[in-house]
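Observations on the model geometry
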Amino acid sequence: MRVLVQRVTSARVVVDGVSVGEIHPDGQGLVALVGVTHDDDADVASRMADKLWRLRILDGELSAADVGAPILVVSQFTLYANTVKGRRPSWNAAAPRAVAEPVVSAFADALRGLGAHVETGVFGADMAVELVNDGPVTLMLEL
């Protein structure tokens, strides 16, 4: 599992012209772009959720857990693109929908279980993600 996390001052996901997930934190929040590979499962999702929730990347070296920062979770299979050879990415390392969708859901649910306010995109949809990156701060998390 890979999570590209961005610290933001606002963010939203739009599908077919409709906002389906939106955060406007009183301060800072996080956008988590989530990629799933073949052997990921709910346990991996839970451990990654805990890592993200407690990651000290907000002002004052605080975590989302410390300040109750909201998190926007968006599925992103392209995080597993292989671009080593040629000019056409390979998606072989990305899990198929039947594996990935429940893992992304488990990740969002695990964050909620930790106390996070979580908004999400729509799995597999053509999404427009709008955000204001704060800092900018962008990190890749892996387990």
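This text goes with the structure placed above it.
What this report covers is the structure whose coordinates are included nearby. The numbering scheme is per chain: residues are counted from 1 as the chain's sequence reads. The predicted nature of this model means local features are confined to residues of pLDDT at least 70 and side-chain atom pairs, given and counted, to a pLDDT of 80 or more, with totals for whole chains, interfaces and linings taken over all residues. For side-chain calculations, the full set of non-hydrogen atoms in the structure is used, while hydrogens and water are omitted.

1. Here's the deal with the environment of arginine 97
Formally: Secondary structure is summarised from DSSP: a helix means a run of H or I of at least four residues, a strand means a run of E of at least two, and numbering begins at the N terminus for each. For this analysis, residues touch if any pair of their heavy atoms sits within 4.5 Å. Identification of polar contacts relies on pairs of N or O atoms within 3.5 Å, with a donor-acceptor requirement for protein atoms, meaning one able to donate a hydrogen and the other able to accept it, and with residues adjacent in sequence counted only if both atoms are side-chain atoms.
Of note, arginine 97 is situated in helix α3 (residues 97-114). Separated by 27 residues in sequence, arginine 97 and glycine 124 place their C-alpha atoms 8.0 Å apart. Apart from the residues within four sequence positions on either side, arginine 97 is in contact with Pro102, Phe123 and Gly124. A polar contact is formed between the side chain of arginine 97 and the backbone oxygen of phenylalanine 123, at a distance of 3.4 Å.

2. Quick look at the side chain of glutamine 6
Filter applied, for reference: Throughout, exposure labels follow a simple rule: accessible area from a 1.4 Å probe, protein chains only, divided by the maximum for the residue type, with under 20% read as buried, over 50% as exposed, and the rest as partly exposed.
Tracing the backbone through its elements, the reader meets glutamine 6 in strand β1 (residues 2-15). Judged by its relative accessible area of 14%, glutamine 6 falls in the buried class. Only 3.3 Å separates the side chain of glutamine 6 from the side chain of threonine 138, close enough to count as a polar contact. Here glutamine 6 is in contact with Gly29, Leu30, Val31, Leu131, Asn133, Val137 and Thr138, once residues within four sequence places are set aside.

3. Comments concerning the packing of helix α1 (residues 42-54) against α3
Rules: Under this scheme, a helix contributes an axis fitted over its contacting stretch, all axes are lines through C-alpha atoms, and angles between N-to-C directions fall in the 0 to 180 degree range. Angles below 35 degrees are treated as roughly parallel, those above 145 as roughly antiparallel, those between 65 and 115 as roughly perpendicular, and all remaining angles as oblique. Helix crossings fall into two classes, left-handed where the near helix is turned counterclockwise from the far one by less than a right angle and right-handed where it is turned clockwise. Gly is placed with the polar residues, together with every amino acid not listed as nonpolar (Ala, Val, Leu, Ile, Met, Phe, Trp, Tyr, Cys and Pro) or charged (Asp, Glu, Lys and Arg).
The interhelical angle for the contact between α1 and α3, taken along N-to-C directions, is 45 degrees, at an axis separation of 8 Å. Taken together, the axes of α1 and α3 lie oblique to each other. The handedness of the crossing between α1 and α3 is right-handed. Contact residues: Ala42, Ala45, Ser46, Met48, Ala49, Asp50, Leu52, Trp53 and Arg54 in α1; Val103, Ala106, Phe107, Ala110, Leu111 and Leu114 in α3. In the contact of α1 with α3, the residues fall into 12 nonpolar, one polar and two charged.

4. What about the layout of surface pockets?
Taking a probe equal in size to a water molecule and rolling it over the atoms shows the remaining empty space. Which entries qualify depends on this criterion: We place a 1 Å grid over just the protein atoms. Points where a 1.4 Å probe fits but has no way out form a cavity, open points with protein on both sides within 12 Å along at least 5 of 7 lines form a pocket, and any residue with an atom within 4 Å of a point lines it. Grid points are joined across faces, edges and corners, and a volume is the space filled by probe spheres set on the points.
Estimates place the volume of the largest pocket at around 300 Å³. Around the largest pocket, the lining comprises 19 residues; the ones closest to its centre are Ser75, Gln76, Phe77, Gly124 and Met127. Sorting the residues of the lining of the largest pocket by element identifies β3 (29-35), β4 (71-75), α3 and β6 (127-142) as the ones contributing at least two each. A total of three residues in the lining of the largest pocket trace back to one element, the largest contributor, which is α3. Of the residues that constitute the lining of the largest pocket, the class distribution is 12 nonpolar, five polar and two charged.

5. Here we look at unusual backbone geometry
One can expect most non-glycine residues to show negative phi and most peptide bonds to be in trans. That bond from glycine 135 to proline 136 is cis: its omega, -5 degrees, falls within 30 degrees of zero. Mapped onto the secondary structure, proline 136 falls in strand β6. A positive phi angle, close to 50 degrees, is found at aspartate 16, a residue other than glycine. By the element assignment, aspartate 16 lies in the loop between β1 and β2 (18-23). Judged by its relative accessible area of 76%, aspartate 16 falls in the exposed class. Of note, glutamate 61 is a non-glycine position whose phi angle comes to about 55 degrees, a positive value. Within the secondary structure, glutamate 61 sits in the loop between α1 and α2 (64-67). Owing to a relative accessible area of 62%, glutamate 61 belongs among the exposed residues under this scheme.

6. Considering the pairing of β2
Which entries qualify depends on this criterion: Criterion used throughout: strands pair if DSSP finds at least two bridges between them.
Strand direction decides the pairing type here: β1 and β2, joined by five bridges, are antiparallel. Considered in β2, the bridge of arginine 12 is made with glutamate 22. The antiparallel pairing of β1 with β2 creates a hairpin that spans two residues between the two strands, and aspartate 16 there sits at a positive phi of about 50 degrees.

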